[in-house]
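Overview (structure and organization)
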Amino acid sequence: AADEMMLPLSQLRHHFRHFPQIIKNTEKLIDSCELRLDLRENKNKKTYTGDPDEDLALLEKLARKGLAYRYGANHEPARKRAQKEMAMIRDLGFAAYFLITWDIIRFAQSKGFHHVGRGSGANSIIAYCLKITDVDPIELDLYFERFINPHRSSPPDFDIDFSWDERDEVIQYIFEKYGADHVALLGTYNTFKGKSIIRELGKVYGLPKEEIDALVNEPDARHNRHKIAEDIIRYGRYIQNFPNYLSIHAGGVLITEAPITSYTALQIMPKGFPITHFDMYVAEDAGFYKFDILSQRGLGHIKDAADIIYQNRGIRIDVHNVAAFKKDTRVKDQLRSGDTIGCFYVESPAMRGLLKKLRCDNYISLVAASSIIRPGVAKSGMMREYIHRFHHPDDFEYLHPVMKEQLQETYGVMIYQEDVIKIAHHFAGLDLSDADVLRRAMSGKTRSKKQLQDIVDKFFANCAEKGYPDELAREVWRQIESFSGYSFSKAHSASYAVESFQSLYLKAHFPMEFMVAVINNFGGFYRAEVYFHEARKGGATVEAPCVNHSNYLTTISGSIIYTGFIHLHNLERKLGKAIEGERKAMGPFNGLHDFLNRIAIGVEQMIILIRSGALRFTGRSKKELLWDAHLTLGKGSTKPSVKRLFDIRPPRYQLPALTAEPLEDVYDDIELLGFPLCSPFDLLQTRFRGTANARNLLTFVGKIVKLIGYLVTTKQVVTVKGERMMFGTFLDVKGDFFDTTHFPDALKNYPFRGSGLYLLKGKVTEEFGYPSIEISQMAKMPLRKDPRFEERGVNGPHSGQMTKTKQRGM
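Just so we're clear, the structure is a prediction, and the values are computed from it rather than from any experiment. (Residues numbered from 1 in each chain as written. Predicted model: local features only at pLDDT ≥ 70, side-chain atom pairs only at ≥ 80, totals over all residues. Heavy atoms only, no water.)

Turning our eyes to something else, we now look at the nonpolar core. Counting residues in hydrophobic clusters, the biggest one holds 110 residues, and the most contacted among them are Phe 595, Met 606 and Leu 609. Those residues in contact with Phe 595 that sit more than four places away from it in its chain are Val 547, Ile 579, Phe 589, Ile 601, Met 606 and Leu 609. Counting residues in each nonpolar core, the second largest holds 54 residues, with Leu 56, Tyr 97, Ile 148 and Ile 275 among its members. (Core = buried A, V, L, I, M, F, W, Y, C linked by side-chain atoms within 4.5 Å. Buried < 20%, exposed > 50% of the residue type's maximum accessible area, 1.4 Å probe, protein only. Contact = heavy atoms within 4.5 Å.)

In structure tokens form, the structure reads like this:
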């Protein structure tokens, strides 16, 4: 409105002249307020002990003790490096930062929590001596200045990973130790991007989830070309990159000297932790440095695998004995063959293919592989070039002598963030501060386009001044630019490789227990079915859920794995936990009615258990048990909240002979678990399995093959022409993995039609000894019908599509 404005002071005094107390209180409030923006002040907790000198003394004491633990008594290179780092830490005032991080790690260790210190912090030998990281910076010749140097434009930060189920307790400790008034989690602004735009606008238009999924996954399909879809695309362009909501940073924690509310308002999140109203970029500009307390599933499955191995075999495994794991013959063989399903960071199809191409069998190669797999390096062509140079170290020329001098370990290929700093400094003559700004820009951590452009201009100007040909300067810049948004620090890759070796050792020697741990931690690259399959390959027998053997999570006894109740769709968590608790407290169940008398359950949940086979120990068929349950519990889905006061007596009735076929159980598994517990190939109508298999593909290079594959996963990419193509990963009838490539034309004519078995036809190709199939034709295979649906003339659930493959030329 026209009168909604800030009035002059004289007018305000006139309007409130009859209320002098209001004027007086307002003036008092204004006089008590102060606004001061000091972006240079150190706002972080300044000391750990309360005195800077005591901080330094404690840090030096801990470093000396750790140096002896890590390197022994007389390791001169380590001692000199530690002295150099301590001098820089003292000069730049980072002693408290190291000590607070050490304190957090010390608490976690006291609780038996495993952690991984990664990121640029692993470049520090002091961090290694304080057990913040397990990466030896001398072994890998890591560049400490990547972490801390006088020219660095931003404060350092430690990235500390904890298991997903332990991180909250660590964060709670930080709040309690350093004061709730001085600690907060960093906020982050979630913006509208990519698929989220379609999903959010699809909800606005009231589209059902299935149609929204179709718009996201098949944007070019004809059935998605309608008015609402056009509106979603049009309006989506307007809101792209607009803020959506305030969320929590992945793990950033601030610990301040003054109360945190001196700098920001706070918002309490569902878990009870407060978050700031600014993000990491504003925090950095304002002089805060953060502690990254992160979580991941990989640590969880390593920790759980060690516990399960002890429970099942009585063997204690020191998962921190990485030095021995690096030398283990089985681990080397497994790594070289790409048999890494379930292993942290090395289980994706692309990574398994890379390991095979590199014939990777050692720590240094794995560190490199962990970095060159990143999209920027792969897209620029430098990943392929690295593999070629790895196999043919005498069959290439360095771009320039500086490349040979600085990048000899990686054959002249930039694969780490440190490489960008080295080449920008030594090749183009940028000073270290500019080189670090460039490195951050290549990591997607700068918001100043002008600052970046100034450095780009300086890069080319310096190259011209040094007399480099334009073509050489442009090629070096192209390789640097390929890092944009995807580059890893070498220390980060090294930290991941350490964790990978822990997983690899556990899988190589204890595959069944390891897979149970992976299954129970969820969050892997693949769905649970794939990990159950790997457990079978490792020698396990996988059983359906059983009320007398299964727990809420999956368990193993000897070589028998009992599927956990958590995998049964629509089974209540409370019920699964109750069954486990009752059996452990009072012993196994001796029949259906004993189960009903001891467990509070309604008819709908009982049906799920019976159909899953969880009461097969009774020796009665599912159909008999279902009749009994219905007659005992009655109709409806009412679930008792407490155990019954009086025992249930079995009803008296007589049933006609009931028949059942094994195939019915398979379809029950598919419906209730989401996958069959038998081989999916047993469901095929045809006996044909293929003219080749995954193990002998290399003998068919350049030839056309046909084989049936069970779809594991797909990856979609967009070509330079803006067309969609896909990569597929399948299992063959012998349980081995193979990969496929689907170029745009083939994909348009033969699209993927969901999970299931496919007849595949294509040419076998090979790159560095790794085979793949370029698909020319593909069809989803029909499955045998569920006998319970046959009489009605329809297919059972998930029965596939009846595809006329012969008519399509296959």
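Additional details are given in the paragraphs that follow.
Attention shifts here to the side chain of His 301. Tracing the backbone through its elements, the reader meets His 301 in helix α12 (residues 297–313). The contact partners of His 301, leaving out residues within four places of it in the chain, are Gly 342, Phe 344, Ser 503, Phe 514, Ala 517, Val 518 and Asn 521. (Helix = DSSP H or I, 4+ residues; strand = E, 2+ residues; numbered from the N terminus.)

Let's shift gears to the sheet that holds strand β14 (residues 757–767). What the five strands build is a closed barrel, ordered β11-β12-β13-β15-β14; its pairing is mixed. Each adjacent strand pair in this sheet contributes to an overall mean axis angle of 50 degrees, direction not counted. As judged from the six bridges shared by strand β12 (residues 724–731) and strand β13 (residues 737–742), these two strands associate in the antiparallel manner. Bridged to Thr 729 within β13 is Asp 739. (Pairing = 2+ DSSP bridges. Axes fitted to C-alpha atoms, helices over the stretch in contact; angles between N-to-C directions.)

Next up on the list: the sheet that holds strand β10 (residues 560–562). Taken in spatial order, the three strands of this open sheet run β8-β10-β9, and their pairing is mixed. Each edge of the open sheet is held by one strand with a lone partner, namely β8 (541–543) and β9 (555–557). Within this sheet the neighbouring strands show an average axis-to-axis angle of 25 degrees, counted without direction. Inspection of the sheet shows β9 paired to β10 by three bridges, in the antiparallel sense. Each residue of the ladder has a partner; that of Ser 557, found in β10, is Ile 560. Those strands touched by helix α25 (residues 511–521) are β9 and β10, and its axis lies near 160 degrees from that of β9.

Turning next to the confidence of the model for the chain. Keep in mind that low pLDDT regions are not for reading the predicted coordinates in detail. Of all residues in the chain, 93% attain a pLDDT of 70 or more, and the chain-wide mean is 89. Of the regions scoring below 50 in pLDDT, residues 636–642 engages in 13 contacts with residues more than four places distant in sequence or in other chains. A low-confidence stretch, residues 796–809 (pLDDT under 50), is modelled with 32 contacts involving residues beyond four sequence positions or located in other chains. (pLDDT = per-residue confidence, 0-100.)

Attention now goes to the packing of aromatic side chains. Enumeration over the complete set of coordinates arrives at 33 aromatic pairs. Aromatic side chains Phe 98 and Phe 158 sit 5.3 Å apart centroid to centroid with 90 degrees between the ring planes, which places their arrangement in the edge-to-face category. Separated by 60 residues along the polypeptide, Phe 98 in helix α5 (residues 95–110) and Phe 158 in the loop between α6 (125–129) and β2 (159–163) bring together distant segments of the chain. Across the pair, exposure class does not vary: Phe 98 and Phe 158 are buried alike. The side chain of Arg 70 reaches across the aromatic face of Tyr 128, ending 4.0 Å from its centre. Between the NZ or CZ atom of Lys 131 and the centre of the ring of Tyr 69, over which it lies, the distance is 4.3 Å. (Phe/Tyr/Trp six-rings, centres within 6.5 Å; stacked < 30°, edge-to-face > 60°. Lys NZ or Arg CZ within 6 Å of the ring centre and 35° of its normal.)

As for its placement among the helices and strands, Ala 250 is situated in strand β4 (residues 243–255). Its relative accessible area of 54% is what places Ala 250 among the exposed residues. With 42 residues separating them in the primary sequence, Ala 250 and Asp 292 have C-alpha atoms 7.9 Å apart. Leaving out residues up to four positions away in the same chain, Ala 250 has contacts with Arg 167, Ile 293 and Leu 294.

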